[in-house]
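Here's the letter readout for the chains.
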Amino acid sequence: MYLSAQAIAAMQAVKRVHFLNENAVRENKAIGDAAGLKNIGVHLITVQPGHCSTEYHFHHYEEECVYVLSGQGTVVIGGESHKVGPGDFMGFTKKSPPHGMTNPHKQELVYLLGGTRKPIDVSEYPRAGKRAYKFHGKRHTVNIKDVEER
């Protein structure tokens, strides 16, 4: 389905706060959903100054990508920091190093976020010590130290 720039601009953004990080606040326009996509998520994300995009994490089964449209930010990938800005691209395969982005600047950070939509995924949040299991749209979170592996 076609979405014009005007239609996207008119969409109401949904404010999301990450369940493990109250400073991870982003405004989300689910443009992939609006276009009818089912297996790929595409989101127009805005992160206000002083906020993070998400909790530092990685996925065991899903892939994600980020393309910066405007503003500046700092991404940490596997503990290594990089400054990012318009035209920069990041791709995260399943089991990639953990990653997360912040906006320490005075203007909004705007980017496209894309990713696969698997019915089952496992996300690791190493700084929070948590693991999240996603089964058909429901998320179950546990402390990593409490997980019994056999």
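As shown above, the structure is provided for reference.
The rules behind the values
- Residues numbered from 1 in each chain as written.
- Predicted model: local features only at pLDDT ≥ 70, side-chain atom pairs only at ≥ 80, totals over all residues.
- Heavy atoms only, no water.
- Pairing = 2+ DSSP bridges.
- Helix = DSSP H or I, 4+ residues; strand = E, 2+ residues; numbered from the N terminus.
- Axes fitted to C-alpha atoms, helices over the stretch in contact; angles between N-to-C directions.
- Patch = residues over 30% accessible without salt bridge, like charges linked within 9 Å, V, L, I, M, F, W, Y side chains within 5 Å.
- Areas by Shrake-Rupley, 256 points an atom, 1.4 Å probe, with all protein chains shown as cover.
- Salt bridge = Lys/Arg side-chain N within 4 Å of Asp/Glu carboxyl O.
- Phe/Tyr/Trp six-rings, centres within 6.5 Å; stacked < 30°, edge-to-face > 60°.
- Buried < 20%, exposed > 50% of the residue type's maximum accessible area, 1.4 Å probe, protein only.

Caption draft 1: Local environment of the sheet that holds strand E5 (residues 64-70). Taken together, the six strands give an open sheet; going across it, the order is E1-E2-E3-E10-E5-E8, and neighbouring strands pair in antiparallel fashion. Looking at the sheet topology across the chains shown, the edges are occupied by strand E1 (14-18) and strand E8 (89-92). When the angles between neighbouring strand axes are averaged without regard to direction, this sheet yields 30 degrees. Summarising the sheet, strand E3 (residues 40-47) and strand E10 (residues 109-116) pair through eight bridges and their orientation is antiparallel.

Caption draft 2: A nonpolar patch on the surface, seen in detail. Together, Tyr67, Leu69 and Phe89 give the surface a local cluster of nonpolar side chains, amounting to about 300 Å² of exposed area. Residue placement: tyrosine 67 occurs in strand E5.

Caption draft 3: Highlighting the packing of aromatic side chains. Applying the stated criterion across every chain yields a total of two aromatic pairs. Aromatic side chains phenylalanine 19 and tyrosine 125 sit 5.8 Å apart centroid to centroid with 80 degrees between the ring planes, which places their arrangement in the edge-to-face category. Here tyrosine 125 lies in strand E11 (residues 120-125) and phenylalanine 19 lies in the loop between E1 and strand E2 (21-29), a separation of 106 residues in the sequence. Since its relative accessible area comes to 3%, tyrosine 125 is described here as buried. Geometrically, the ring pair formed by tyrosine 133 and phenylalanine 135 is stacked, given 6.5 Å between the ring centres and 10 degrees between the ring planes. On the accessibility criterion, tyrosine 133 (21% relative accessible area) is partly exposed.

Caption draft 4: Quick peek at the pairing of E5. Relative to E8, E5 runs antiparallel, the two sharing four bridges. The residue bridging glutamate 64 from the neighbouring strand is phenylalanine 92, located in E8. Note: E5 against E10, six bridges, orientation antiparallel. Following the sheet pairing, glutamate 64 is matched in E10 by glycine 115.

Caption draft 5: Just the sheet that holds strand E13 (residues 138-143), in detail. Overall, antiparallel pairing links the four strands, which are arranged E4-E11-E12-E13 in an open sheet. Each edge of the open sheet carries a strand with a single partner, namely strand E4 (58-59) and E13. Pairing analysis gives six bridges linking strand E12 (residues 130-135) to E13, with the strands arranged antiparallel. Counterpart to alanine 132 in the pairing with E13 is threonine 141.

Caption draft 6: Main features of the pattern of salt bridges. Under the counting rule described, the total for this entry stands at six salt bridges. Here arginine 150 and glutamate 148 are joined by a salt bridge, their closest N and O atoms 3.1 Å apart. We note that arginine 150, like glutamate 148, is exposed.

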